[in-house]
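The residues making up each chain are set out below.
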Amino acid sequence: MVPLAALSGVGLVQAMPALPGSRAWGAWLALLVIGLVLAAWTGVRRRGGWFAWALLAALAGFVLTAVRADLRMAEVLPAELEGQVMRLTGRVASLPQRTLGLGGIEGWRFVLEVDVAASQARAPPRVLLSCFQMPAVPRAGERWQLEAKLRRPHGLMNPHGFDQALWMLEQDLPAAGGCRAKAQQRLGEGAWSVDALRQSLRDAIDRRLGETRDRRGAGVLAALSLGDQGAVSAADWSLYRDTGVSHLLSVSGLHVTMFAWLAGAAAAWAWRRCPRLCLRWPAPRAAMWIGAAAAVLYAVFSGWGVPAQRTAGLLTLLALLRQAGARWPWPMSLCAAAAAVCAADPWALTQAGFWLSFCAVALLMAADLQTGSGWRGALRTAWRTQWLVTLGLAPLTLLLFQQLSIVGLLANAVAIPLVSYVITPLAMLGAGFAPLWTLGAWLVAGLNALLEAMRALPLAVWHLPWAPGWAQALGLAGGVALAMPWPWRLRIGGLALCLPMLWPAVERPVPGHVELWLPDVGQGGATLVRTHRHAMVFDAGPRWGPGSDAAQRVLLPLLRGLGERRLDLLMVSHEDQDHAGGAASLLRAMPVARRLGAVPGGEACRRGQRWEWDGVRFEVLWPIDAAAAEAVTTAASSKLRKPNARSCVLRVEAAGRRVLLTGDIESPQEAHLVRDAAEHDELAAEVLAVPHHGSRTSSSLAFVNAVAPRVAVVQSGHLNRFGHPKPDIVARYLQAGAALLNTAECGAWRWRSDRDEPAPSGCERLRRRRYWLSPAGMSSPEIAGDDVAEATAVPPQ
């Protein structure tokens, strides 16, 4: 009860839209003292003592978390320093991760621990940097002097999407930025550190496996031995996630326990060889504490992830209980370990790994599986354990990731023993005998081939729409009922509880109405339009680098979460990569009935194209066809050859309410539209996707007045190097009476023609209010393409 109360206090802070503030610290501390006195008094009188201690624990969890959060938020880069170039001197405090920019330019992403005294004034203590064209490969522990344009923690904000700002807060990274290519200088080796030791081991793995060119195997071995998950490529993570084995490819509780058991067994063997040591301290107790200490050291060496924290904390707690002769029930021990993890890292409670890790252990402890005799009994127990964890965690996996691997049970049956009992020991022991790494890489290659074959099977991965909260709660309870060794009647009841989560009712617009989504894709354009039975994507967002684009990270999760399994139309306005970059990924991942515009194999857009879906009318307003183009003046014809000038313009009309999607058209095209539509009022629209991200080349005064939008939405990257939207363009829309929204500050924006709501109510940032999401907006190191482009002279992302 007391540990659960403490966890509830921590969770309450993480759900708050704003922190109490430092002025309230005195009041909170006074309440803590009063609570402590009350708990002690009730404990002495033995009346309601447990309730008082639980209340005190909840208050302590709340106050301590709020204070730590306030201190950490105080370190965040001041808003007035965003976008400024600062000179930084410091030590590389993480294992640098190789990354590729547009054009395949190699770069490195790492944490710089800033020497504040040797850096520019007001420099943050730690910075996450993305640096390209570095004069040498950075290594953990080295000292560097760099010039970087800094930004506050921030990420794309889309429904159920990854929260980059929260991740940076948890990692204690108050700023991010991109380096200037010509201002990077290596100053020399730094002092000894754990990260430098991890770097040496990773270099040894790369040298050994570089001879065989097995980068995939090297990445997995580095992840298993060092906790270096960034060494595994995004494509491989996708493979492991789709086949349900991603939990094995990071340092997990099983790996930490195995290392502790090996260290304890070796210590017991050596201890028994010395009678004097045995007389001072029994060998079993010595082995127990040496194993627990080894678990903590390995957890720290491997990056101190949540599963490693949980296991090291639980092993230490069990050792303390055994040393004291106390025997706690397993729920109390598990809750105490969870409280200890959150005491060390209050933001662990917001991570998917925390819930998956502790829920898996809780299921195994609750089931109390008994190991059978002989190898058949052991095999049967292993199979039951895998079945229990896979089935019991399936609803939680769906809740966290909106997908479920159907082949996961079979894949784990092979991967768990291979990774846990063969590849992981080889990854660890390779530090002493390097040829073992080669053997481990061969096994990783064989495992990857098997997993790729499994993923290619029909329905290998099941993507489900987002379910309402009540369905998620029933599904979690049903998963537990299905997994427990209870009578079959109860298990069938558990399956019934899962049905609303497995087959949720998909919310769609009613006939005659339309739903519009303008997701947050950074500096680029993408729109999702849904009617009662149809869906289309207008523009597919930017491409940020090899294997990374807006379709993979934003559009596909959004489409699947909304229950869309196919597209009736993919329409790309023009071929610029900030609008067409995700088209190929969409075509690979989802059936597309029709292609229009700058899509491979697509039909060209032409003025006058019309269609109707479910009572909603669609019409292409631009570009004009070839015959009409001959009538345009020579000057205008030359401008039509520009990609922006050929942008498709689409009008959507539902129940008398219009939406205008404009791509990157510029002033000459706007003038043609205004002149052609003057007599029929064709351009008037309630919602306008602002042309060309708010550039001065577009949004002419005549066009803005002709459209007269109630809501104008800009899709741009925060602090983008183009300065979009331009201040005078913003003023123009405001003077025209439009509510102007920018996805950089609003996040994804949703609008429905059957509702009349204030424009800001559709903003994802407004719906997902948390204290770490600054209203001023921040910027993401993932979308550091503007800095990359500035440093490397490649096209902007």
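Residues numbered from 1 in each chain as written. Predicted model: local features only at pLDDT ≥ 70, side-chain atom pairs only at ≥ 80, totals over all residues. Heavy atoms only, no water.

Visitor: Quick question: what am I supposed to make of the overall build of the protein here?
Guide: Across its full length, the protein carries 29 helices and 23 strands. Rg of the C-alpha trace for the protein: 29 Å, near the compact-globule value of 28 Å for 797 residues, within the 12% margin. Expressed as a percentage of its 797 residues, the buried residues of the protein come to 53%. Taking the intrachain contacts of the protein between residues at least 6 apart in sequence as the baseline, contacts between residues at least 24 apart amount to 72%. Approximately 35,300 Å² of the protein is accessible, and the part contributed by carbon and sulfur atoms is 61%. Both charge centroids of the protein, one from 78 positive and one from 59 negative side chains, sit 11 Å from each other. (Helix = DSSP H or I, 4+ residues; strand = E, 2+ residues; numbered from the N terminus. Rg over C-alpha atoms; globule rule 2.2 N^0.38 Å. Buried < 20%, exposed > 50% of the residue type's maximum accessible area, 1.4 Å probe, protein only. Contact = heavy atoms within 4.5 Å. Areas by Shrake-Rupley, 256 points an atom, 1.4 Å probe, with all protein chains shown as cover. Lys, Arg positive; Asp, Glu negative; His and termini not counted. Charge placed at Lys NZ, Arg CZ, Asp CG, Glu CD.)

Visitor: Which parts of the structure should I look at to understand the environment of L688?
Guide: Along the chain, L688 turns up in strand β20 (residues 687–689). Once the C-alpha coordinates of L688 and D568 are considered, the two residues, 120 residues apart in sequence, prove to be 23 Å apart.

Visitor: Help me out: how do you make sense of the pairing of strand β4 (residues 126–132) in this one?
Guide: Every other side chain in a regular strand lies on the same face of the sheet, so the side chains alternate between the two faces. Counting buried residues along β4, six of its seven residues qualify, which places the element largely inside the surrounding structure. In terms of strand pairing, β4 meets strand β6 (residues 176–188) through three bridges, oriented parallel. By the bridge assignment, L128 is partnered in β6 with A176. (Pairing = 2+ DSSP bridges.)

Visitor: Please explain helix α18 (residues 488–502) as it appears in this structure.
Guide: Helical geometry: 3.6 residues make up each α-helical turn, so side chains three or four residues apart lie on a common side. The end-to-end C-alpha separation of α18 is 20 Å, in line with the 21 Å expected for 15 residues at 1.5 Å each. By the burial criterion, the buried members of α18 are R491, G494, C498, M501 and L502. When α18 is viewed along its axis, its buried side chains cluster within an angular range of 85 degrees and face the same direction. For α18, exposure combined with an orientation more than 90 degrees from the buried face picks out R489 and I492. (Expected span 1.5 Å × (residues − 1). Arc of directions from axis to C-beta.)

Visitor: I keep staring at the packing of aromatic side chains and nothing clicks. Help me out?
Guide: Applying the stated rule across the entire model yields nine aromatic pairs. Ring centres 5.3 Å apart and planes at 80 degrees place the aromatic pair F354 and W355 in the edge-to-face group. Between the aromatic rings of W611 and F618, the centroid separation amounts to 5.4 Å while the plane-to-plane angle is 5 degrees, which identifies the pairing as stacked. Here the two residues W611 and F618 agree in accessibility, since each one is buried. Aromatic rings pair up to connect F354, W355 and F358 into one cluster. Residue placement shows R491 over the ring face of W488; its charged tip is 4.6 Å from the ring centre. Against the face of W611 rests R594, its NZ or CZ located 5.2 Å from the ring centre. (Phe/Tyr/Trp six-rings, centres within 6.5 Å; stacked < 30°, edge-to-face > 60°. Lys NZ or Arg CZ within 6 Å of the ring centre and 35° of its normal.)

Visitor: Looking at this structure, I do not really get unusual backbone geometry. What am I missing?
Guide: The bulk of non-glycine residues show a negative phi, and the bulk of peptide bonds are trans. With an omega of 15 degrees, the peptide bond running from W622 to P623 counts as cis. Relative to the helices and strands, P623 resides in the loop between β17 (616–622) and α22 (626–629). Residue P725 is reached from H724 by a cis peptide bond, and omega for that bond is -10 degrees. Tracing the chain through its elements places P725 in the loop between β21 (711–714) and α26 (727–735). Even without glycine at this site, D172 takes up a positive phi of about 60 degrees. With respect to the element layout, D172 can be found in the loop between α4 (164–170) and β6. Among the residues examined, D172 registers a relative accessible area of 23% and is labelled partly exposed. Even without glycine at this site, L719 takes up a positive phi of about 55 degrees. Locating L719 in the fold gives a position in the loop between β21 and α26.

Visitor: When you look at the sheet that holds strand β22 (residues 739–742) in this model, what are you seeing that I'm missing?
Guide: As a general point, the strands of a sheet are linked pairwise by backbone hydrogen bonds and lie either parallel or antiparallel. Pairing is mixed across the open sheet formed by seven strands, whose spatial order is β16-β17-β18-β19-β20-β21-β22. Each end of this open sheet is capped by a strand with a single partner; those strands are β16 (610–613) and β22. Pairwise comparison of adjacent strand axes, ignoring direction, gives a mean angle of 20 degrees for this sheet. Sheet topology places β21 next to β22; four bridges connect them, and they run parallel. (Axes fitted to C-alpha atoms, helices over the stretch in contact; angles between N-to-C directions.)

Visitor: How should the packing of helix α6 (residues 215–226) against helix α15 (residues 408–429) be read in this particular structure?
Guide: When two helices pack together, their arrangement is given by the angle between the helix axes and the distance between those axes. For the pair α6 and α15, the least separation of the axes is 9 Å and the interaxial angle reads 90 degrees. By the criterion of interaxial angle, the relationship of α6 to α15 is roughly perpendicular. On α15, the residues that touch L221, L224 and S225 of α6 are V419, I423, T424 and A427. (Parallel < 35°, antiparallel > 145°, perpendicular 65-115°, else oblique.)

Visitor: I would appreciate a short explanation of the nonpolar core in the present structure.
Guide: Inside soluble globular proteins, nonpolar side chains tend to come together where they are buried. Counting 34 residues, the largest nonpolar core has Y240, V245, L248, L249, V419 and L451 as its most contacted members. If you list the elements that add at least two residues to this core, you get α5 (194–210), α6, α7 (234–242), α15 and α16 (435–455). Among the elements that line this core, the one with the most residues is α6, at seven residues. What L248 contacts, discounting residues up to four positions off in sequence, is L224, H255, N412, A415, I416, V419 and S420. With 31 residues, the next largest nonpolar core counts L516, L518, M536 and A759 among its residues. (Core = buried A, V, L, I, M, F, W, Y, C linked by side-chain atoms within 4.5 Å.)

Visitor: Hey, could you run me through the packing of α7 against α16 in this one?
Guide: Look at α7 against α16: their axes get within 10 Å of each other, and the N-to-C directions meet at 60 degrees. When the axes of α7 and α16 are compared, the pair comes out oblique. The chirality of how α7 crosses α16 is left-handed. Taken together, the residues of α16 that come into contact with α7 (itself represented by S238, L239, Y240 and D242) are V444, N448, L451, E452 and R455. Broken down by class, the residue content of the contact of α7 with α16 amounts to four nonpolar, two polar and three charged. (Left-handed = near helix turned anticlockwise from the far one by under 90°. Nonpolar A, V, L, I, M, F, W, Y, C, P; charged D, E, K, R; others polar.)

Visitor: How should I be thinking about the pattern of salt bridges in this particular structure?
Guide: Side-chain pairs of opposite charge can arise whenever the charged atoms involved come near each other. Scanning the entire structure with this criterion turns up 36 salt bridges. A salt bridge links R98 to E106, with the nearest nitrogen and oxygen atoms 2.8 Å apart. Two residues, R767 and E764, come together in a salt bridge whose shortest N-O distance is 3.0 Å. Residue R767 and its partner E764 are located together in helix α28 (residues 764–767), separated by three residues, close to a single helical turn. (Salt bridge = Lys/Arg side-chain N within 4 Å of Asp/Glu carboxyl O.)

Visitor: Is there a simple way to think about the sheet that holds strand β23 (residues 749–752) in this case?
Guide: Reading across the sheet, the six strands line up as β15-β14-β11-β10-β9-β23 and stay open at both edges, with mixed pairing between neighbours. Every interior strand has two partners, whereas the edge strands, β15 (595–597) and β23, have only one. Between one strand and the next, the sheet's axes are offset by a mean angle of 15 degrees, whatever the strand orientation. In this structure, strand β10 (residues 526–530) lies alongside strand β11 (residues 535–540), joined through five bridges in antiparallel fashion. If you follow A526 over to β11, its bridge partner there is A540. Its contacts with the sheet put helix α19 (residues 550–561) on β9 (515–518), β10 and β11, and the angle it makes with β11 is roughly 165 degrees.

Visitor: So what exactly am I meant to see when it comes to the state of the cysteines here?
Guide: Should the sulfur atoms of two cysteines be covalently bonded, the bond is a disulfide. Taken as a whole, this structure holds three disulfides when the rule is applied. Note on cysteine connectivity: C131 is disulfide-linked to C179, with sulfurs 1.9 Å apart. Of this pair, C131 sits in strand β4 while C179 sits in strand β6, and the two are 48 residues apart along the sequence. By the burial criterion, C131 is buried, and C179 matches it. One disulfide in the model links C746 with C763; its S-S distance is 2.1 Å. (Disulfide = S-S within 2.5 Å.)

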